[in-house]
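As a plain string of letters, each chain reads:
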Amino acid sequence: MKKAIILLVEDNSMDIELTLDSFRQVGLTNRIEIAKNGEAALDYVFGRGRFEDREAFPVPDLVLLDLKLPGISGHEVLHEMKSNELTRRIPVVVLTSSREEGDRMICYDCGVNSYLVKPVDFDEFLVVARAIGDYWLTINVGPPEV
């Protein structure tokens, strides 16, 4: 069984390091690709531009998506992914600091699979990282490959 590939879409370098450190601490050894803005995320997911080589940049098995991104927002990334027949089954977990009801509503209306608010405390973030690994990469049975 192949290890799931995670696409982390996050523009804040400190949050990237926090997420990667948390995953390492909880023993998550999956390949993690980073996209620092919405355009790069869509290019990766759809295999465009520098990501067109699917051997080097396989379709992700899970997308961890921040909402507040420069340029193309996380909402737009989510909408594009869930509106496309080729990518709509890829699980997307919003990992954001936003607790706004409007953000949650938009995300669920677009088909997000889960909405998680980033904890500020590192120990709490470890709990979230472990839960992501346990559920999305271990327990959850993903969609069949097409």
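Each remark here, short or long, concerns the structure printed above.
Keep in mind it's a predicted model, so treat the numbers as computed, not measured.

Conventions adopted
- Residues numbered from 1 in each chain as written.
- Predicted model: local features only at pLDDT ≥ 70, side-chain atom pairs only at ≥ 80, totals over all residues.
- Heavy atoms only, no water.
- Helix = DSSP H or I, 4+ residues; strand = E, 2+ residues; numbered from the N terminus.
- Contact = heavy atoms within 4.5 Å.
- Buried < 20%, exposed > 50% of the residue type's maximum accessible area, 1.4 Å probe, protein only.
- Pairing = 2+ DSSP bridges.
- Right-handed = clockwise from strand over helix to strand, strands pointing away.

Novice: In this structure, what is going on with the environment of I132? I would like to understand it.
Specialist: Its location among the elements puts I132 in helix α5 (residues 122-139). In this view, I132 contacts F23, L62, L64, L116 and L137; residues no more than four positions away in its chain are not counted.

Novice: Could you clarify how one ought to interpret the pairing of strand β1 (residues 5-9) in this entry?
Specialist: Where burial is concerned, most of β1 is hidden: five out of the five residues are buried. Of the two faces of β1, the one lined by I5, L7 and V9 and the one lined by I6 and L8 are each fully buried. Where β1 lies against strand β2 (residues 31-35), five bridges are found, and the strand directions are parallel. Note on β2: the bridge partner recorded for V9 is A35. Taking the sense of rotation as the criterion, the β-α-β connection linking β1, helix α1 (residues 13-25) and β2 turns out right-handed. Direction of pairing for β1 relative to strand β3 (residues 62-65): parallel, over a ladder of four bridges. Residue pairing for β3: L8 is matched across the bridge by L64.

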